[in-house]
2 protein chains.
Amino acid sequence: MSKGVNRQVLLAEKPAGKLGPEHFKMSEAAMAEPGDGEALVRVRYISLDAANRAWMHGATYRAAVEPNTVMAGGGIAEVVTSKAPGLAPGDIVFGDTGWQDYAIVSAKSVSKLPKIDPMTHLLSVYGIAGLTAYFGLLDIGKPKPGETVVVSAAAGSVGSIVGQIAKIRGCRAIGIAGGKDKCNWLTSELGFDAAVDYKDGAVFKALRAAAPDGIDVYFDNVGGDILEACLSLMNNRGRIACCGAISQYDGVPSAHGPRGVPGLIVVKRLIMQGFIVMDFMARRDEALKDLQSWVAAGKLKVQEDVINGLENTPNALIGLLAGENRGKRMIKV
Amino acid sequence: MSKGVNRQVLLAEKPAGKLGPEHFKMSEAAMAEPGDGEALVRVRYISLDAANRAWMHGATYRAAVEPNTVMAGGGIAEVVTSKAPGLAPGDIVFGDTGWQDYAIVSAKSVSKLPKIDPMTHLLSVYGIAGLTAYFGLLDIGKPKPGETVVVSAAAGSVGSIVGQIAKIRGCRAIGIAGGKDKCNWLTSELGFDAAVDYKDGAVFKALRAAAPDGIDVYFDNVGGDILEACLSLMNNRGRIACCGAISQYDGVPSAHGPRGVPGLIVVKRLIMQGFIVMDFMARRDEALKDLQSWVAAGKLKVQEDVINGLENTPNALIGLLAGENRGKRMIKV
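Residues numbered from 1 in each chain as written. Chains lettered and ligands numbered in written order. Predicted model: local features only at pLDDT ≥ 70, side-chain atom pairs only at ≥ 80, totals over all residues.

Undergrad: Hey, could you run me through the domain arrangement of chain A in this one?
TA: By a widespread convention, an interface's size corresponds to the accessible area lost as its parts come together. Residues and elements named next belong to chain A. Entries for chain A in the domain assignment read domain 1 (5-123 + 303-332) and domain 2 (128-278). For domain 1 versus domain 2, the distance between C-alpha centres works out to 28 Å. Listed per partner, the contact involves 18 residues of domain 1 and 16 residues of domain 2. The element that contributes the greatest number of residues to the side of domain 1 that touches domain 2 is helix α1 (residues 50-54), accounting for four residues. Its residues placed into classes, the side of domain 1 that touches domain 2 shows six nonpolar, seven polar and five charged. (Domains from an automatic or database assignment. Contact = placed C-beta atoms within 7 Å. Helix = DSSP H or I, 4+ residues; strand = E, 2+ residues; numbered from the N terminus. Nonpolar A, V, L, I, M, F, W, Y, C, P; charged D, E, K, R; others polar.)

Listed below in structure tokens is the structure:
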């Protein structure tokens, strides 16, 4: 890239329906200088997440992304110059860098990361995805050995880790994913006990066959019809960890929620609980210690899907929303 | 009544839509003799509950009520003759007596009650209604002083107690009820801070005005549109105690659940939790101690709606489902 120029991907307009390449545009800005308490960082890897799409709808746990601003997104970056105590050139940080080559970040808004090899693991198993799976399953889902755990978007960055942690904790793990290949991969490579292909007919019947003793913990990444099917199969005192609602993000928001709310919640004494991984950050070290030991012992396999080039970020997100990826998708800038 | 004859109200047929008198019929049976471990009891008061209607749909936390059997229902009864150790003539018990003058009950299926005056309090504030309000609000809703608590069906047996306990615990209490009279009663007699009449236009707007700081705890007795409105107004980390879904019981079951599930549950980190008061029975004494002290101190007002005559039980239930009652409705047999 030419000196002093920062390539950026802007959100061109808010999508009313399905997200397409036309909703983004490439742009160039002059390099900015960090102010006091800030650093200039070079973005190395950009995380792609279904949540990127949710942010376009409006304010969630963060402000909405507005048209003609740099598209928001988490990224791993290296400090180039710093006017912040505690940040030095060469330091590796994670934060909302946005979709661009360089970013000005305040020291408060980023977290310093250890230098590990491969660096990509900082975005997958040791990043938001791994921590989301860890805290969502263990703290919200509270699985006990022998229980049945179901996870949707099971071949995705979070789901693939949820199912493996469930196995590590002695549970029966069932994944719901789109397509035969993903389902085969879950059972043959990642050790899931069963996988249900939601593109292959009625989810309810296949899930009932895969979970003959009912569902004790459902880790929900998708909402919609799959949540409805799981609600029907939950055991008494089951827990539903509400992590996201991918099925609702891309397109016109659904006019209704799943049947069985609140009727089944009452009669089965269910708990549905939403969470945001950021709320658990004070306990990150505890999670990383477990995740690292499982990876080192070969109990937890890390799957990454790395795409080269900032200019490919829009299509990489569009593809992720369509379920293209297996494991953690990211852009190498 | 003539000697040796037991009047009974049978469920004549399962209602497909709205419940009507035609779904019941009066009948007479010969008096039965208790077997070993059983007692013959004379039913004194029959509890009327929205749950009666839910039992007609199918199995819930109990088996469905089948046509041409005695309609199920909780009641307070007095032991006439007993072949069960621990039960003696004159003892007062609570159990599923059904809608009839006399019942044969197994000693295991009933609980012995103290003799208090008035006996009706055993079905209202010291019965299922009071215990449901107590455990549902305090154990599931977990209100903290200064928080805003909203309860639906607020003029009913459970809701009227929920709001008063919320006030005792230092919360802002808002009731949702049908009609101006009920709403006035909640604020002027029971001490609710505000009441919203769901029959008077849009619930969402009125509720937003009544809860300017948002909702921290929603005690849901109704489901449906009111649950949807509350979901939109919940604060981060709010708790929804799912107690029942009256709006869904009488008529054709809803094809959909409320919007915002699971999207709002995720972004607001909400907990929706269902409960059945029977699960808390081991802790009944603890609740009764609090409830009795509040009643004695005049902090908790008890409202009862007692109707005479077994033959009026069907219409009393139909009226309850239509929202006729204020406080705990029961039949004096």
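Undergrad: What's the story with the sheet that holds strand β12 (residues 215-220) of chain A in this structure? I'm lost.
TA: Ordered by their spatial adjacency, twelve strands build an open sheet running β11(A)-β10(A)-β9(A)-β12(A)-β13(A)-β14(A)-β14(B)-β13(B)-β12(B)-β9(B)-β10(B)-β11(B), and the pairing between neighbours is mixed. Every interior strand has two partners, whereas the edge strands, β11 (194-197) of chain A together with β11 (194-197) of chain B, have only one. Direction aside, the axes of adjacent strands within the sheet are offset by 15° on average. Bridge count for strand β13 (residues 234-242) of chain B against strand β14 (residues 271-274) of chain B is four bridges, and the pairing is parallel. Bridge pairing links Cys-242 of chain B to Gly-274 of chain B in β14 of chain B. (Pairing = 2+ DSSP bridges. Axes fitted to C-alpha atoms, helices over the stretch in contact; angles between N-to-C directions.)

Undergrad: Would you mind going over the interface of chain A and chain B with me for this structure?
TA: Contacts between the two partners involve 32 residues from chain A, matched on the other side by 32 residues from chain B. Counting residues per element, the ones that place at least two in the side of chain A that touches chain B are α8 (263-267) and β14 (271-274) of chain A. Classifying every residue of the side of chain A that touches chain B gives 17 nonpolar, ten polar and five charged. In terms of strand pairing, β14 of chain A meets β14 of chain B through three bridges, oriented antiparallel. When the bridges of β14 of chain B are listed, Gln-273 of chain A appears paired with Ile-271 of chain B.

Undergrad: I'm lost on helix α5 (residues 203-210) of chain B in this one. Help?
TA: Residues spaced three or four apart along an α-helix face the same direction, because each turn holds 3.6 residues. Residues and elements named next belong to chain B. What α5 keeps buried is the set Val-203, Ala-206, Leu-207 and Ala-210. Buried residues of α5, viewed axially, fall in a sector of 100°; they line one side. Away from its buried face by more than 90 degrees, α5 exposes Lys-205 and Ala-209. Buried residues along α5 sit in contact with β10 (172-177), β11 and α6 (224-233). (Buried ≥ 20, exposed ≤ 12 C-beta atoms within 10 Å, placed from the backbone. Arc of directions from axis to C-beta.)

Undergrad: I'm lost on the packing of helix α2 (residues 128-141) of chain A against helix α9 (residues 284-296) of chain A in this one. Help?
TA: Pairs of packed helices are described in terms of their axes, by the angle between the two and the distance that separates them. Residues and elements named next belong to chain A. For the pair α2 and α9, the least separation of the axes is 10 Å and the interaxial angle reads 100°. In terms of their interaxial angle, α2 and α9 are classed as roughly perpendicular. Taken together, the residues of α9 that come into contact with α2 (itself represented by Gly-130, Leu-131, Tyr-134 and Phe-135) are Arg-284, Ala-287, Asp-290 and Leu-291. Considering only residue class, the contact of α2 with α9 consists of five nonpolar, one polar and two charged. (Parallel < 35°, antiparallel > 145°, perpendicular 65-115°, else oblique.)

Undergrad: Looking at this structure, I do not really get the nonpolar core. What am I missing?
TA: The nonpolar side chains of soluble globular proteins are, as a tendency, buried together. One finds Val-41 of chain A together with Val-41 and Cys-230 of chain B to be the most contacted residues of the largest nonpolar core, which totals 221 residues. Not counting the four nearest positions on each side in its chain, Cys-230 of chain B is found in contact with Val-150, Ile-215 and Tyr-218 of chain B. (Core = buried A, V, L, I, M, F, W, Y, C linked by C-beta atoms within 7 Å.)

Undergrad: Hey, could you run me through the sheet that holds strand β4 (residues 69-70) of chain B in this one?
TA: Residues and elements named next belong to chain B. The sheet built from three strands is open, its strands ordered β2-β1-β4 with antiparallel pairing. Pairing within the sheet leaves two strands with one partner each, and these edge strands are β2 (24-30) and β4. Both strand β1 (residues 5-11) and β4 contribute to a ladder of two bridges, which runs antiparallel. When the sheet's bridge partners are listed, Leu-11 is paired in β4 with Thr-69.

Undergrad: How should the environment of Ala-51 of chain A be read in this particular structure?
TA: All names here are of chain A. Counting through the fold element by element, Ala-51 comes out in helix α1. The exposure class assigned to Ala-51 is buried, which follows from the 23 C-beta atoms found within 10 Å. Once the C-alpha coordinates of Ala-51 and Ala-245 are considered, the two residues, 194 residues apart in sequence, prove to be 9.0 Å apart.

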